[in-house]
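Results of the structural survey
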Amino acid sequence: MAERTSRGIGPVILLGSPGAGKGTQAKQIVERYRIPQISTGDLLRENVQRGTPLGVAAKDFMARGEFVPDDLMYDMVAQRLRQADCERGFILDGFPRNPAQAGWLDAFLEHEFFDNPQRGKCLPIVIRIDVDYNKLLRRITGRRSCPVCGRIYNVYSQPPRVADRCDVDGSTLVTRDDDREDVIRDRLEAYELQTKPVAEYYARKGRLVSVNGDLPVNQVTDQIFQVIESHRPVASDKS
Ligand code: AMP
């Protein structure tokens, strides 16, 4: 298990296509550095559920699968990042989704974080988990889940003990609709189109680091920890 530390690491942005292991790796970072993972999708869904003015404004865009307009996103993200649990760092999940949001985030962090000695001088490090396209397809199309207990398997890398049966309760495993190959190809293409400009924005600023996501999970985690350690903000070492 990852050793824990309370040192500040500043903002971390994880990029990676569906199936690249972003969720798994984010969990490792949260556990080791005890910083929050901030998902703009989750924040928006919470607002929709609570019926806040933001939720009301965002709902239709989300239902159509479109981006919520940038200016609605900015207030919500700013409010969340100002909370005390973000002082030593945070992982952003789902934000920025376009170069305008990336530019806004840099400006926000420069204004609100640079003058704060607790937070140190820290623009985001952007870590992209690169996975070979065909391996990614296999990984995702191999996914099966138990409709009863929700446990996830993979016919290639984590098969159940008996084919197509859940180890826990013996139920017949299913493939989620959005894990089918044609749907996946579309999702991967959409992801590529969407995140490329964001990755390019950070690459131009020299802040994009790629890690090899084809390696076993723990080796991907090690690479990510190394990147984080080598980019740690100066002022937060005191914590
Ligand atoms: P997600 O859970 O990240 O897939 O987000 C769900 C939905 O929330 C997206 O389809 C968008 O409608 C909206 N959303 C989440 N993050 C953003 C963002 N950074 N910019 C615009 N819309 C977003």
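Everything discussed here concerns the structure shown above.
These notes cover the structure that comes with them. Keep in mind that what you see is a predicted model, and the values were worked out from it rather than measured.

**Overview of unusual backbone geometry**
The omega angle of the peptide bond from F95 to P96 is -5°, so this bond is cis rather than trans. As for its position among the elements, P96 is in the loop between strand 3 (89–93) and helix 5 (99–113). For R34, which is not a glycine, the phi torsion comes out positive at approximately 50°. Structurally, R34 can be placed in the loop between helix 1 (22–33) and strand 2 (37–39).

**A word on the site of the ligand**
Every one of the 13 residues lining the ligand counts as a neighbour, but T40, E66, V68, G94 and Q101 are closest to it. T40 places a polar side-chain atom, nitrogen or oxygen, 2.8 Å from a nitrogen atom of the ligand. One nitrogen or oxygen atom from the main chain of G94 is found 2.9 Å from a nitrogen atom belonging to the ligand. Protein coverage of the free-state accessible area of the ligand, which is 480 Å², stands at 81%. Take the shell around the ligand: its biggest share by element is four residues, from helix 2 (residues 40–50).

Reading the values: the criteria
- Residues numbered from 1 in each chain as written.
- Predicted model: local features only at pLDDT ≥ 70, side-chain atom pairs only at ≥ 80, totals over all residues.
- Heavy atoms only, no water.
- Helix = DSSP H or I, 4+ residues; strand = E, 2+ residues; numbered from the N terminus.
- Near = heavy atom within 4 Å.
- Polar contact = N/O pair within 3.5 Å; in protein donor to acceptor, adjacent residues only side chain to side chain.
- Areas by Shrake-Rupley, 256 points an atom, 1.4 Å probe, with all protein chains shown as cover.

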